[in-house]
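Listed below, chain by chain, are the residues.
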Amino acid sequence: MPAVVNVSSTGGGFLPRFCEAFVTADPPDHPARLRLLECWLPLAQELNESQVWGDDATALEALIVAAAPALVAAVDTASARAILMLYHAVLRRGRP
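Note that the structure is predicted; figures quoted are calculated from it, not measured. (Residues numbered from 1 in each chain as written. Predicted model: local features only at pLDDT ≥ 70, side-chain atom pairs only at ≥ 80, totals over all residues. Heavy atoms only, no water.)

1. Let's talk about unusual backbone geometry
Part 1 of the argument: Even without being glycine, Val-52 reaches a positive phi, approximately 55 degrees.
Part 2 of the argument: Here Val-52 is to be found in the loop between helix H1 (31-50) and helix H2 (57-71). (Helix = DSSP H or I, 4+ residues; strand = E, 2+ residues; numbered from the N terminus.)

2. Section: the pattern of salt bridges
Part 1 of the argument: In the structure shown here, the tally under the stated rule is two salt bridges.
Part 2 of the argument: Residues Arg-81 and Glu-46 are paired through a salt bridge, measuring 2.6 Å at the closest nitrogen-oxygen approach. A residue pair is termed long-range when its members are at least 10 positions apart, and Arg-81 in helix H3 (residues 77-93) and Glu-46 in helix H1 qualify at 35 residues.
Part 3 of the argument: Linking Arg-92 and Asp-55 is a salt bridge whose minimum nitrogen-to-oxygen distance equals 2.6 Å. Of this pair, Arg-92 sits in helix H3 while Asp-55 sits in the loop between H1 and H2, and the two are 37 residues apart along the sequence.
Part 4 of the argument: Look at Asp-55 and you get buried, because its relative accessible area is 10%. (Salt bridge = Lys/Arg side-chain N within 4 Å of Asp/Glu carboxyl O. Buried < 20%, exposed > 50% of the residue type's maximum accessible area, 1.4 Å probe, protein only.)

3. Observations concerning the side chain of Asn-48
Part 1 of the argument: You can see Asn-48 is positioned in helix H1.
Part 2 of the argument: A residue is classified by how much of its surface remains accessible, and Asn-48, at 12% relative accessible area, is buried.
Part 3 of the argument: Within polar-contact distance, the side chain of Asn-48 engages the backbone nitrogen of Asp-55 at 2.9 Å.
Part 4 of the argument: With residues near it in sequence (within four places) discarded, Asn-48 still touches Trp-53, Gly-54, Asp-55 and Leu-60. (Polar contact = N/O pair within 3.5 Å; in protein donor to acceptor, adjacent residues only side chain to side chain. Contact = heavy atoms within 4.5 Å.)

4. Some thoughts on the packing of H1 against H3
Part 1 of the argument: Where H1 contacts H3, the axes come no closer than 10 Å and their chain directions differ by 70 degrees. Considered as vectors, H1 and H3 are oriented roughly perpendicular to each other. Relative to H3, H1 is oriented so that their crossing is right-handed. Residue-level contacts link Trp-40, Leu-43, Ala-44, Glu-46 and Leu-47 of H1 to Ala-80, Arg-81, Leu-84 and Met-85 of H3.
Part 2 of the argument: Counted by class, the contact of H1 with H3 contains seven nonpolar, no polar and two charged residues. (Axes fitted to C-alpha atoms, helices over the stretch in contact; angles between N-to-C directions. Parallel < 35°, antiparallel > 145°, perpendicular 65-115°, else oblique. Left-handed = near helix turned anticlockwise from the far one by under 90°. Nonpolar A, V, L, I, M, F, W, Y, C, P; charged D, E, K, R; others polar.)

5. Topic: the confidence of the model for the protein
Detail in the predicted coordinates should be disregarded across regions flagged by low pLDDT.
Part 1 of the argument: When pLDDT is averaged along the protein, the result is 79; 71% of the residues meet or exceed 70.
Part 2 of the argument: The least confident element of the protein is strand E1 (residues 4-6), whose mean pLDDT is 41; the most confident is H3, at 95.
Part 3 of the argument: Throughout residues 1-18 the model reports pLDDT below 50, and contacts reaching past four residues in sequence, or to other chains, amount to 36 contacts. (pLDDT = per-residue confidence, 0-100.)

6. With respect to the nonpolar core
Part 1 of the argument: Counting residues in hydrophobic clusters, the biggest one holds 19 residues, and the most contacted among them are Leu-36, Trp-40, Leu-43, Ile-64, Leu-71, Ala-80 and Leu-84.
Part 2 of the argument: Dropping the residues within four chain positions of it, Leu-84 is found in contact with Leu-43, Ala-44, Leu-47, Trp-53, Leu-63, Ala-67 and Leu-71. (Core = buried A, V, L, I, M, F, W, Y, C linked by side-chain atoms within 4.5 Å.)

So, in structure tokens, the structure goes:
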């Protein structure tokens, strides 16, 4: 059984350690990319709501793919949140 990481402040949302694997250059329907999104989307959605970003699913997927190399280094929920928030700010600078 894979190790799990709690990524939710509410105590739910456990993500398996296999979420550390990612492939950003794969097509949108590639299993590794789908697994990446499946693993990190709950945390991105939680941040989207709590930080009132107003992003849609496409924007959250782009955020996760952009942040994937850094998310591998996340050692806990707080660092994963910080990484997503940083990448969100960087990506927002490129938007009107």
